[in-house]
Every structure is written in structure tokens, then in C-alpha cells.
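Report on the structure
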Amino acid sequence: MKGDTVTSERKEDYLKTIDKIVSEKGYAQVKDISRALDVGPSSVTGMLKKLTDDGYINYEKYGGVTLTQKGTETANCTQKKYMTIKSFLMAFGVPETVAEDDACKMEHVVASETYDVFLRFCEFSMTEKGINLLENFKYYCETGDVDKCTCSAAKILKL
């Protein structure tokens, strides 16, 4: 089972990369994907065959690569997860480069229930009450001072 997870993670990374390249130039080539993922061309060719067999891409040897509807949907879903998790981590003060690395890893393994909570938190954090809660939390992280923190969680936990 673990091998399947790794394969899925790699496939999702390839699909996101292909989607990005296609959005920039209309199609992707082995060399583009190889450069973007920092892997050898033979590794890319092998994965492209798997993605073609699974119905995610349109690919002809020595030609351009484009995503099928299934590939586009998977790439978009993975990218949305990545952006949501990255935003969630950054909302708590995680530096952007760390949030990017962590989100890239987490997007593949996070349970749908957990992802739904991340998404709801990101939506909540854009409201007035959410912004106040985040500001209180950031203040606490910076100072360690909970006396001036007005969030209800601090009162409940008696911090």
C-alpha cells in the first residue's frame, strides 16, 4: 500500500508540473518536465507512459504533453490542496518557504476531513473574528504574553 501512496504522490507532482508548464506555453515537453522536477529525462518518459495509460495525459513520444480532463481535474485539486495548506500554515506565522515545502508534502497525505477543516479555517480567517483570533495568536507567538491576548481559547486554557 505504501508503494501506491508514493506512486500517487509522484503522479500528482507530475500532473501539477505539467499543468503549470502547459498554462505557460500550451504544451509540455520531456525536457521542460525534467528541468522543473529535477529528474532525468528517462524518469520523465517512464512516468509519462504511466500517466498516459492511466488516462491523465495525452502524450506521443517526441511530441508535446497535455492533460486530459481527468488530468486537469487531478492537477487542479492537488494545487488547491497545496494552496490551502500553504495559506493555513502561513496564517499561523510559518515562513513562506517552510510553508511551501510542508504543503507540498502534506497535500498528498492529508485526509479529506482534515483538508476540509484547513479550508474552513482559511475561510474563517478572512472574517473579522478570524482576523482578530489570528492577531491574538501571532501576538502570543511573538511575545509569549497571554495577559494581553483577548482570544477565548487563552481564557479557556487559562494561559
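Anyway, here's the lowdown on the structure attached to this text. Keep in mind it's a predicted model, so treat the numbers as computed, not measured. (Residues numbered from 1 in each chain as written. Predicted model: local features only at pLDDT ≥ 70, side-chain atom pairs only at ≥ 80, totals over all residues. Heavy atoms only, no water.)

1. Focus on the environment of Cys122
For Cys122, the position within the fold is in helix H6 (residues 112–124). You can call Cys122 buried: its relative accessible area is 9%. C-alpha of Cys122 to C-alpha of Ile85: the two residues are 37 residues apart in sequence and 8.8 Å apart in space. Dropping the residues within four chain positions of it, Cys122 is found in contact with Thr84, Ser87 and Phe88. (Helix = DSSP H or I, 4+ residues; strand = E, 2+ residues; numbered from the N terminus. Buried < 20%, exposed > 50% of the residue type's maximum accessible area, 1.4 Å probe, protein only. Contact = heavy atoms within 4.5 Å.)

2. Things to note about helix H3 (residues 41–53)
In this model, H3 (13 residues) spans 18 Å end to end at C-alpha, consistent with the 18 Å of a helix rising 1.5 Å per residue. For H3, the set of buried residues is Val44, Met47, Leu48 and Leu51. Looking straight down H3, one finds its buried side chains confined to an arc of 110°; they lie on one side. Exposed and oriented more than 90 degrees from the buried face of H3 are Ser42, Lys49 and Asp53. Gly55 lies just past H3 and shows a positive phi near 85°. (Expected span 1.5 Å × (residues − 1). Arc of directions from axis to C-beta.)

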